[in-house]
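# Tertiary structure, described
Here's the letter readout for the chains.
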There are 2 protein chains.
Amino acid sequence: MKRLHNFCAGPCTLPVTVLEQLADDIVDFKGSGMSLIEMSHRAQIYDEIHHGTVNSLRRLYGAPDDVDILLLQGGASLQFAMAPMNVLGESDKAGYVLSGTWGKKAYEDAQLCGTVYPAWTGAEEGYSRMPDPSEIIVEDDTRYLHVTSNETIGGIRMADFHDHGVRQVADMSSDYLSRPIPWDLFDVVYGGAQKNLGPAGLAVVFVRRSVLDNDLSHLPSYLRYDLHSEADSLANTPPVFAIWATGLMLDWMEEKGGVEGMQGRASRRSSMIYDAIESSDGFYRSPVRADDRSHMNIVFTLADAELEADFFAEADALGLANLKGHRSVGGARASVYNALPTESVRVLVDFMAAFASAKG
Amino acid sequence: MKRLHNFCAGPCTLPVTVLEQLADDIVDFKGSGMSLIEMSHRAQIYDEIHHGTVNSLRRLYGAPDDVDILLLQGGASLQFAMAPMNVLGESDKAGYVLSGTWGKKAYEDAQLCGTVYPAWTGAEEGYSRMPDPSEIIVEDDTRYLHVTSNETIGGIRMADFHDHGVRQVADMSSDYLSRPIPWDLFDVVYGGAQKNLGPAGLAVVFVRRSVLDNDLSHLPSYLRYDLHSEADSLANTPPVFAIWATGLMLDWMEEKGGVEGMQGRASRRSSMIYDAIESSDGFYRSPVRADDRSHMNIVFTLADAELEADFFAEADALGLANLKGHRSVGGARASVYNALPTESVRVLVDFMAAFASAKG
């Protein structure tokens with residue numbers, strides 16, 4: 001089998017050992033006489049997988065005891081609504097950092113769920129950078145500040161998390177569990193699993209237990225954090241396969257040094273690509289301010305845009321897949337999520353240098 | 001490998017050929033160099049799987065062109081809220097048939113999303129039967145009537161669908177695609193995939209296109225049927241694995257005669273178990289009125305409840321798994337979803353007869 005080098009922005013590549021384990025066990029789960037995906041979600045075998053995944057998430061991310069972990073469906077998209085619905089009281093308001101496509105989507109949904117305001121927007125600058133901490137304006141009596149830690153389309157990230165005087169709610173989908181986070185700053189941290197943690201179909205939500213004390217009885221049951229928490233995310237049938245596969249991926253991450261290990265990988269691998277850009281004498285360009293460059297989604301353009309078609313065709317021929325930038329911005333984008341082998345990055349940067357040298 | 005006879009009430013057993021196909025392709029999808037679950041949901045290979053599943057659903061269920069098909073997350077549980085949110089206008093009201101645990105849950109969530117009233121309730125009779133058509137009271141100016149076609153816990157089903165003068169919204173999770181339905185009666189038909197169609201993590205929603213003309217701009221994006229429809233259920237990352245596996249299961253159903261084939265299987269197999277109950281001289285008992293007996297979840301008790309522990313232990317020893325009734329009602333329950341082999345039912349009824357004869 002020839003594996004492609006998969007720089008897809010999501011769903012993510014997975015360790016081949018995880019895929020092989022899924023293949024081995026999907027017909028007959030460890031001699032049980034059935035597949036895990038055929039079992040009752042109340043069965044003991046599934047229960048161990050379910051709680052194993054939750055426990056791994058807590059251990060790897062260092063989430064404190066007063067933060068609960070929910071395994072939900074509907075992706076980060078549903079959390080754009082659920083977070084304000086569950087956290088904002090009727091007389092509360094929240095500030096939103098509009099740092100890109102995803103921060104903007106979160107804000108637009110939140111406008112329908114409560115009183116919110118933009119605490120900063122990068123729209124005028126084409127979402128090409130993150131705000132400096134001093135640019136974020138938090139109004140008095142703000143319940144939370146919403147941030148997007150990494151914007152996949154713009155290829156920008158918040159290099160550090162700062163205290164803005166109120167607890168934060170954060171969409172971390174695209175750099176989930178790829179760096180330690182200061183838990184004291186956050187009331188809710190959410191994200192889809194399909195970039196850094198596992199396959200699509202699972203959203204992981206960390207929520208401070210004090211939020212669960214809110215009176216949420218006006219919300220339909222699936223939209224209530226407190227009911228999911230009380231039921232250990234088993235109030236309805238959970239996405240069994242995605243939870244199982246994510247658990248295996250977390251085991252793999254633990255073997256590779258956990259979140260700190262992932263942070264080191266991400267730093268090294270993104271540096272390899274940014275170095276390839278910087279050392280190309282302007283053949284490749286990064287549109288992103290150096291301090292804000294994502295360690296997950298490396299966005300770049302070719303100075304001569306007419307060479308792009310050749311670039312992608314030659315990359316494809318080498319098995320370098322999914323390098324096209326998002327259709328809304330064009331150019332190239334290499335996503336180097338947790339599971340991507342470093343070897344794939346080496347093949348990419350060697351190709352970038354060779355291509356620049358041949359065409360430059 | 002020894003397969004158990006899996007009478008689980010959900011998630012469901014799957015055809016072993018489907019599980020084997022998943023195992024074969026999960027590491028490297030048909031020589032593509034990556035797993036399907038690692039691909040972009042915008043990639044052509046995934047696109048074919050996605051639309052193939054939608055097309056199979058339409059073909060097998062005979063859904064007319066003015067009914068759209070959405071592939072969502074959050075199970076039927078999230079539809080308890082989304083259906084009223086999307087269908088009910090501000091001045092509308094809806095009637096709910098409270099036929100069991102699931103009808104009641106749908107009603108409770110709908111109360112938080114609009115004006116609703118009970119059109120019938122089986123609560124006083126312990127949810128042991130469905131209403132006769134004449135018992136359902138539809139008030140004037142009702143926008144829709146909500147029904148649950150099959151109640152998994154009570155083991156009752158609506159044997160026929162009747163015209164009550166308004167379009168219906170139906171939770172069909174537990175007898176999905178197991179019998180043809182009269183589409184003219186319904187505006188929305190929804191259900192989780194994990195009983196009759198595939199693994200957990202996918203909800204399939206059939207929605208009449210006229211519903212999508214409602215002004216839904218007050219709803220957050222994930223909760224809007226119209227946005228999912230416009231984006232072909234690709235507005236956010238879909239649950240790729242569950243859609244893939246469901247597509248394979250639908251192919252298998254088509255080989256077995258489609259929905260009519262499933263209807264015949266369900267009728268024969270449920271009859272085998274009801275016959276075993278009726279011919280046991282009162283050793284086994286069905287608590288359900290004959291006309292309303294589910295073809296999917298066959299609920300029964302032992303006249304001598306003290307024999308139950310032995311019954312389950314001996315069944316387990318024969319590989320007859322998951323026969324315990326729901327914890328809220330006790331007794332026994334055999335769920336015979338679409339993919340259960342008829343051979344499993346034969347082993348069960350032989351065991352039931354032998355056990356009754358030995359202990360009776």
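See the structure shown above.
Values in this document were obtained by computation on a predicted structure and should not be read as measured data.

## Re the pairing of strand β12 (residues 297-302) of chain A
Residue and element names in this part refer to chain A. Burial runs high along β12: 5 of the 6 residues are buried. Here strand β11 (residues 284-285) runs beside β12; their pairing, made up of 2 bridges, is antiparallel. The partner of Y284 across the bridge, within β12, is L302. Note that β12 and strand β14 (residues 332-335) share 4 bridges and pair antiparallel. Bridge pairing links F300 to A332 in β14.

## Description of the relation of the copies chain A and chain B
Turning chain A through 180° and shifting it by 0.0 Å along the axis lays it on chain B, with an RMSD of 0.0 Å. Such values leave the two copies arranged in the relation of a two-fold axis. Looking at the rotation axis and the C-alpha trace of chain A, the residue lying nearest is A23 of chain A, at 2.2 Å. When the interface residues of chain A are mapped onto chain B, 100% of them are again interface residues, pointing to one common binding face.

## Section: the interface of chain A and chain B
Of the residues lining the interface, 60 residues belong to chain A; the matching set on chain B comes to 60 residues. Interface area for chain A against chain B, summed over the two sides, is near 4,400 Å², with a carbon-plus-sulfur share of 64%. Three residues, V27, I37 and E38 of chain A, lead the burial of chain A against chain B; their summed loss comes to 14% of the area buried on that side. Run the count over chain A and chain B and you get 2 salt bridges. E38 of chain B is the partner of R3 of chain A in a salt bridge, and the nearest nitrogen-oxygen pair spans 2.8 Å. Applying the counting criterion to the chain A and chain B interface returns 18 residue pairs in polar contact (both at pLDDT 80 or more). Broken down by secondary-structure element, the contributors of at least two residues to the side of chain A that touches chain B are α1 (16-25), α3 (75-87) and α6 (240-255) of chain A.

## Examining the sheet that holds strand β12 (residues 297-302) of chain B
For sheets, the rule is that strands pair by backbone hydrogen bonds, running either parallel or antiparallel. Residues and elements named next belong to chain B. Here 3 strands make up an open sheet; going across it, the order is β11-β12-β14 and the pairing antiparallel. Bordering the open sheet on either side are β11 (284-285) and β14 (332-335), each of which pairs with just one other strand. With respect to the sheet, helix α7 (residues 258-278) is in contact with β11, β12 and β14, its orientation differing from that of β12 by roughly 15°. Taken strand by strand, helix α8 (residues 308-317) contacts β11, β12 and β14, and its axis lies near 130° from that of β12.

## Let's talk about the nonpolar core
If you look at the biggest cluster of nonpolar residues, it comprises 142 residues, and the most contacted ones within it are F206 of chain A together with F206 of chain B. Among residues more than four places away in sequence, those in contact with F206 of chain A are L57, Y61, A63, V67, D68, I69, Y176, W183, D187, V188 and V189 of chain A. V211 and L212 of chain A together with L78 and L216 of chain B belong to the second-largest nonpolar core, a separate cluster that totals 64 residues.

## Focus on the sheet that holds strand β9 (residues 186-192) of chain B
All names here are of chain B. Judged by pairing direction, the sheet is mixed, and its 7 strands sit side by side in the order β2-β10-β9-β8-β5-β3-β4 without closing on themselves. Pairing within the sheet leaves two strands with one partner each, and these edge strands are β2 (67-72) and β4 (115-121). Within the sheet, the average angular offset between the axes of one strand and its neighbour, ignoring direction, is 20°. Taken strand by strand, helix α3 (residues 75-87) contacts β2, β3 (93-98), β5 (142-148), β8 (168-171), β9 and β10 (203-208), and its axis lies near 160° from that of β9.

Calculation criteria
Residues take numbers from 1 onward in each chain, read along the sequence in its written order. Labels follow written order: the first chain is A, the first ligand is 1, and so on. Only residues with pLDDT of at least 70 get local features here, since the model is predicted, and only at 80 or more are side-chain atom pairs given and counted; chain-wide, interface and lining totals rely on the full set of residues. The side-chain figures draw on all heavy atoms in the structure; neither hydrogens nor water molecules are used. For every residue, the accessible area obtained with a 1.4 Å probe (protein chains only) is divided by the maximum for its type, and the residue is called buried under 20%, exposed over 50%, and partly exposed between those limits. The way it works is that DSSP assigns letters per residue, a run of H or I at least four long becomes a helix, a run of E at least two long becomes a strand, and they are numbered from the N terminus. At least two bridges found by DSSP between two strands is the condition for calling them paired. Superposition of the copies used a least-squares fit over C-alpha atoms from residues whose pLDDT is at least 70 in both. By definition, residues are in contact when any of their heavy atoms lie within 4.5 Å. Accessible area that two parts lose when put together, with a 1.4 Å probe and added across both, is what the buried area reports. We count a salt bridge whenever a side-chain nitrogen from Lys or Arg sits within 4 Å of a carboxyl oxygen from Asp or Glu. Pairs of N or O atoms are called polar contacts if they sit within 3.5 Å, as long as, within protein, a hydrogen donor faces a hydrogen acceptor (for residues adjacent in sequence, only side-chain-to-side-chain pairs). Axes here mean lines fitted to C-alpha atoms, for a helix over just the part in contact, with angles spanning 0 to 180 degrees between N-to-C directions. Buried Ala, Val, Leu, Ile, Met, Phe, Trp, Tyr and Cys residues that are joined via side-chain atoms within 4.5 Å together make up what is termed a nonpolar core.

All we've got here are geometric facts, nothing functional implied.
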